[in-house]
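Survey of secondary and tertiary structure
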Amino acid sequence: MKCRVCRGPAIIDVRRHNANFCREHFLRLCRDQVAKAIADFDMIRPGERVLVAVSGGKDSLALWDLLLDLGYEADGLVIGLGIGEYSDESTSYAVAYAEAKGVALQRIDLRDDYGFDVPTAAHASRRVPCSACGLTKRHLFDQAARDGGYDVVVTGHNLDDEAAVLFGNVLRWQNDYLARQLPVLPAGDGFPRKAKPLVRLAERETAAYCVLQGLDYVVEECPMAAGNRHLGYKEALDGVERSSPGTKHAFYFGFLDRAAELFASGVAEGEGKADLGRCERCGSPSATEICTFCRLVEQAAGAEPVALRPRR
Amino acid sequence: MKVLLRNPRREVEVAGPISIVAMLDRLGYHRDQVLVIRGDTLIPGDAMLRDEDQVEVRPVISGGAL
Ligand code: SF4
Ligand SMILES: [Zn+2]
Ligand SMILES: [Zn+2]
């Protein structure tokens, strides 16, 4: 196997590009793809301050590393979700990276700072764990961006993630989600801009990037993820991708090029843009008097902590 | 040859010499699902592994509904 660029010995095959790469040219491919995504979708402008949503997994650490490498001023925020050992281990990788690089990492711990954890909040609010977790993360990242004066929050969603979410939204024709499934969402109404600079990289590529850069990340899965719908959609798409490499890219970028606008314009003017008030408790933009996050905190507050089953 | 598997972490023995593709096949993986790691680098799909090699087969999928 030879590198497509230099004809030297290759270390990785990227079937969707029908090409093999040596270490140096694979790392360059990753940087180029991120730079292209940022430029194509106007994700980050020169001089802006970036807040990276760091989880300790491969995607967010690769993202942080790539942004620093590309010269962006990027700080991290990691949230201790209280999902047993998994959370502690994840956080430790984020902390180790920040220390090694000498970059700023803000830490929030749900138990210490808000008196709850994801399993307990999910149980108390009768949400699936990923829903309680997702709304918590979105809320805290938005708030941290406002408080810290960041221009944009970036997350480690990769091509596989976005294709799987798109697939799920299409299967159920979730028009409102399809209207907002974009790699960048503009700031507004007290919310920071949100961007996904890894949309041009597959998850095998972000994992390979971490290995080659010597970045340790949590390899184990979140114990709450097992059996969730997202994983099912990913597996279904993986089957198609295997027999026809490049399908995910064509699906997702075809949507962005040809369909996203149709859904976006289908959302009536002003809809979803109704002037938001402010949450009485935390001051975040909210359509209701008390925002969903503060309601979750309240529901979880009195609840008996949910014990996780020990890991295998 | 010792092969480290993840999720959960465990070790299995696979007799070498064997190609990466054949080893993954034997372990029930498709090469798009995993990285094969030796030390601090990756081993491409067409490589042969010898009996004295030590490698890790690391799945790349992550399932969080982010
Ligand atoms: S899998 Fe679900 S619960 Fe686990 S970290 Fe991701 S969103 Fe949170
Ligand atoms: Zn090369
Ligand atoms: Zn609130």
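The structure this text deals with has already been given above.
Notes on the structure follow. The structure displayed is predicted, hence computed values, not measured ones.

With that settled, the discussion passes to the coordination of the zinc ion (ligand 3). Residue and element names in this part refer to chain A. Around the zinc ion (ligand 3), the donor atoms from the protein are Cys279 (SG), Cys282 (SG), Cys291 (SG) and Cys294 (SG), and they sit 2.3 Å away. Viewed at the metal, the four donor atoms of the zinc ion (ligand 3) are separated by angles of 107 to 112°, and the geometry they form is tetrahedral. Donor residues for the zinc ion (ligand 3), ordered by position in the chain, follow C-x2-C-x8-C-x2-C. With Cys279 in the loop between strand S9 (277–278) and strand S10 (285–286) and Cys291 in the loop between S10 and helix H12 (292–301), this pair connects stretches of sequence that are twelve residues apart. The exposure class assigned to Cys279 is buried, which follows from its relative accessible area of 3%. On the basis of relative accessible area, Cys291 is assigned to the buried category, the value being 4%.

Our next topic: the environment of A:Ala307. Residues and elements named next belong to chain A. In this fold, Ala307 is placed in the segment after H12. Overall, the relative accessible area of 70% leaves Ala307 in the exposed class. Considered as a pair, Ala307 and Arg15 are 292 residues apart in the sequence and their alpha carbons are 42 Å apart.

In this structure, A:Phe26, A:Val52, A:Trp64, A:Leu67, A:Val154, B:Leu35 and B:Leu42 are the most contacted members of the largest nonpolar core, which totals 59 residues. Here this core takes seven residues from helix H1 (residues 23–40) of chain A, the largest share from any one element. Apart from residues lying up to four places away in sequence, A:Trp64 is in contact with A:Val52, A:Val54, A:Ala74, A:Asp75, A:Gly76, A:Ala94, A:Tyr97, A:Ala98, A:Val103, A:Ala104 and A:Leu105. A:Leu51, A:Leu81, A:Phe141 and A:Cys279 belong to the second largest nonpolar core, which has 34 residues in total.

The next thing to look at is the coordination of the zinc ion (ligand 2). Octahedral metals with six donors have ideal donor angles of 90 or 180 degrees. Tetrahedral metals with four donors have an ideal donor angle of 109.5 degrees. Residues and elements named next belong to chain A. Looking at the zinc ion (ligand 2), the protein donor atoms are Cys3 (SG), Cys6 (SG), Cys22 (SG) and His25 (ND1), and they sit 2.0 to 2.3 Å from it. Classification of the site at the zinc ion (ligand 2) rests on its four donor atoms, whose angles at the metal span 96 to 114°, yielding the label tetrahedral. For the zinc ion (ligand 2), the single-chain donor residues occur in sequence as C-x2-C-x15-C-x2-H. Taken together, the positions of Cys3 in the segment before strand S1 (12–14) and Cys22 in the loop between strand S2 (19–21) and H1 put the pair 19 residues apart, joining distant regions of the chain. In this structure, Cys3 and Cys22 share a single accessibility class: buried.

Quick notes on the rules
Residues numbered from 1 in each chain as written. Chains lettered and ligands numbered in written order. Predicted model: local features only at pLDDT ≥ 70, side-chain atom pairs only at ≥ 80, totals over all residues. Heavy atoms only, no water. Donors = N, O, S within 2.8 Å, 3.2 Å for Na, K, Ca; no water. Tetrahedral: all angles 85-135°; square planar, octahedral: opposite > 155°, others 65-115°. Helix = DSSP H or I, 4+ residues; strand = E, 2+ residues; numbered from the N terminus. Buried < 20%, exposed > 50% of the residue type's maximum accessible area, 1.4 Å probe, protein only. Core = buried A, V, L, I, M, F, W, Y, C linked by side-chain atoms within 4.5 Å. Contact = heavy atoms within 4.5 Å.

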